[in-house]
Amino acid sequence: MGSLTSSRCRTQPESLMFGVGFATLHCCAIELNSQNAVYWANRSIAHLKLEEYGSAIQDASKAIEVDPRYSKGYYRRGAASLAMGKFKEALKDFQQVKKICPNDPDATKKLKECEKAVMKLKFAEAISVPESQRRPVADSINYQVESQYTGARIEGEVVTLDFVKKMMEDFKNQKTLHQRYAFQIVLQTKEMLQKLPSLVDINVPNGKHFTVCGDVHGQFYDLLNIFELNGLPSEENPYLFNGDFVDRGSFSLEVILTLFAFKCMSPSAIYLARGNHESKSMNRIYGFEGEVQSKLSEKFVGLFAEVFCCLPLAHVINGKVFVVHGGLFSVDGVKLSDIRAINRFCEPPEEGLMCELLWSDPQPAPGRGPSKRGVGLSFGGDVTKRFLQDNNLDLVVRSHEVKDEGYEIEHDGKLITVFSAPNYCDQMGNKGAFIRFEAPDLKPNIVTFSAVPHPDVKPMAYANNFLRLFQ
């Protein structure tokens, strides 16, 4: 059996190098020789490509343990730390790479970028103003609409369907929305969201339907395709978008303004949940902050951060379907009332119920395990079953993970992952999906779809320089 495994490892195509297949190959290589630092570092690459940064750090650390002079171990660990926004930890690893390979120009370049990122953070901390002393963003927005502006306009205070359609058409043609109207949409949305509880109950009347979408990640043209396939949001055709609206895709501003505009037009036509990417740290790294600065202004960055802190953390449909971006908890006995009681008006913490709602993932094995992402945890079908029983629920719907078919049914049919960004980052080749529920039985009807063309603007076009170095 050992020789067969070894032969299989040697003959697999190189096309598997950056995905699940490559990670699997290196699992068998590590089984054959766990004292080879190269195997551990190479599997770390696969974890990096799959955004499993916690696992990437573990494997890179093992490579360093096996061979403390192996520079790529530090390099991989530093890259994973950067992706998680742990700049100071990354800096230590790149300094070690430079020490081991003083004449490596690539190591020098990445060290300088990491040093810049750490200095920028320190500077931001030094000049930060206490919340109570901050000037409202509204005081610095340009309210004057120039006569030559030909884009969508809001007449008065009411966001209408005609305005939203015109705005979407403008976005489709890569035109921008005036700051005045962008501010009006974002502020109205904030006022609505901050009045909601952290867990929102949704009632779908008998004979009516309700659609749940997963991550969109700035893929605006695929969002338009969802509406083409399933209709625009309305009181008769309501949607829940389950977090991660922004980052990675380079049309994140268009996505978020479209979703917010529909919320302003008709609050019951669209529900919005927070994902792990609706946070300052993620937006700073993965592109949304840079995109907002480029398309609107620096002033809007803080405003979006404020609104993201108002997004609810979870929804329950007709008391039976629990919908959350990430997953379940590190302890049993969590009740819906505990989720309602969470004070969500903050940046996501690194542990606790709020963190786990945004970051956790299901696992095939029972029980609980460490998170492959380095944040949250992995939970098994027994954890899902107990949570549903404790709260008289039938199903968990979550997002947060790319799936080849756009969805995956796990935990004996009690948990569905739905992901709505097809061909994620223009390279994964996956389908997207959404789920339609019809009352009263709420049987999930899953619809899959493929990616559609978009303008030649690459994913991560607005991401931080240091992160693009590792793409």
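The rules we used
Residues numbered from 1 in each chain as written. Predicted model: local features only at pLDDT ≥ 70, side-chain atom pairs only at ≥ 80, totals over all residues. Heavy atoms only, no water. Phe/Tyr/Trp six-rings, centres within 6.5 Å; stacked < 30°, edge-to-face > 60°. Helix = DSSP H or I, 4+ residues; strand = E, 2+ residues; numbered from the N terminus. Buried < 20%, exposed > 50% of the residue type's maximum accessible area, 1.4 Å probe, protein only. Lys NZ or Arg CZ within 6 Å of the ring centre and 35° of its normal. Pairing = 2+ DSSP bridges. Axes fitted to C-alpha atoms, helices over the stretch in contact; angles between N-to-C directions. Parallel < 35°, antiparallel > 145°, perpendicular 65-115°, else oblique. Left-handed = near helix turned anticlockwise from the far one by under 90°. Contact = heavy atoms within 4.5 Å. Nonpolar A, V, L, I, M, F, W, Y, C, P; charged D, E, K, R; others polar.

A. Looking closely at the packing of aromatic side chains. As enumerated under the stated definition, the model contains 18 aromatic pairs in all. Ring centres of Tyr75 and Phe94 lie 6.0 Å apart, and the angle between their planes is 85°; on these two criteria the pair is classed as edge-to-face. Residue Tyr75 is found in helix α5 (residues 71–83), and its partner Phe94 is found in helix α6 (residues 87–100); the two are separated by 19 residues along the sequence. As far as burial versus exposure is concerned, Tyr75 and Phe94 are alike and both buried. On the basis of an interplanar angle of 80° and a centroid distance of 6.3 Å, the ring pair of Phe227 and Phe241 is categorised as edge-to-face. Of this pair, Phe227 sits in helix α10 (residues 220–230) while Phe241 is found in strand β3 (residues 239–241), placing the two residues 14 residues apart along the sequence. One aromatic cluster is present, built from ring pairs that chain together Phe171, Phe220, Tyr221 and Phe251. A cation over a ring is seen here: Lys263 above Tyr271, with NZ or CZ 4.9 Å from the ring centre.

B. How the structure looks around the side chain of Lys403. Along the chain, Lys403 falls in the loop between β10 (395–398) and β11 (407–410). For Lys403, a relative accessible area of 11% corresponds to the buried category.

C. Broad picture of the sheet that holds strand β4 (residues 270–272). Judged by pairing direction, the sheet is mixed, and its five strands sit side by side in the order β4-β3-β2-β13-β14 without closing on themselves. Edge positions in the sheet fall to β4 and β14 (445–449), since each of these pairs with one other strand and no more. Here the average twist between neighbouring strands, direction ignored, is 20°. Here strand β13 (residues 432–438) runs beside β14; their pairing, made up of five bridges, is antiparallel.

D. Region of interest: the sheet that holds β11. Read across the open sheet, the six strands follow the order β1-β5-β6-β10-β12-β11; overall the sheet is mixed. With partners counted over all chains shown, the strands left at the sheet margins are β1 (199–202) and β11, one partner each. In this sheet, adjacent strand axes meet at a mean angle of 20° when their direction is disregarded. Pairing of strand β6 (residues 321–324) with β10 involves three bridges; the strand directions are parallel. Bridge pairing in β10 links Val321 to Leu395.

E. Quick peek at the packing of helix α3 (residues 37–49) against α5. The N-to-C vectors of α3 and α5 enclose an angle of 20°; their axes lie 9 Å apart at closest approach. With respect to α5, the element α3 is oriented roughly parallel. Crossing geometry of α3 relative to α5 is assigned as left-handed. Between α3 and α5, the contacting residues are Ala41, Ser44, Ile45 and Leu48 on the first element and Arg76, Ala79 and Ala80 on the second. In the contact of α3 with α5, the residues fall into five nonpolar, one polar and one charged.

F. Main features of the packing of α5 against α6. Contact geometry of α5 with α6 gives a least axis separation of 8 Å together with a crossing angle of 160°. Taken as axis vectors, α5 and α6 run roughly antiparallel relative to one another. Handedness of the α5/α6 crossing: left-handed. Facing Ser71, Tyr74, Tyr75, Arg77, Gly78, Ala79, Ser81 and Leu82 of α5, the residues of α6 in contact are Phe87, Glu89, Ala90, Asp93, Phe94, Gln96, Val97 and Ile100. Of the residues that constitute the contact of α5 with α6, the class distribution is nine nonpolar, four polar and three charged.

G. Fine view of helix α13 (residues 288–295). Counting buried residues along α13, six of its eight residues qualify, which places the element largely inside the surrounding structure. Along α13, the positions that sit buried rather than exposed are Phe288, Glu289, Gly290, Glu291, Val292 and Lys295. Those residues of α13 that are buried lie in contact with α11 (252–265), α12 (280–286) and α14 (298–308).

Function cannot be inferred from these measures alone, as they are strictly geometric.
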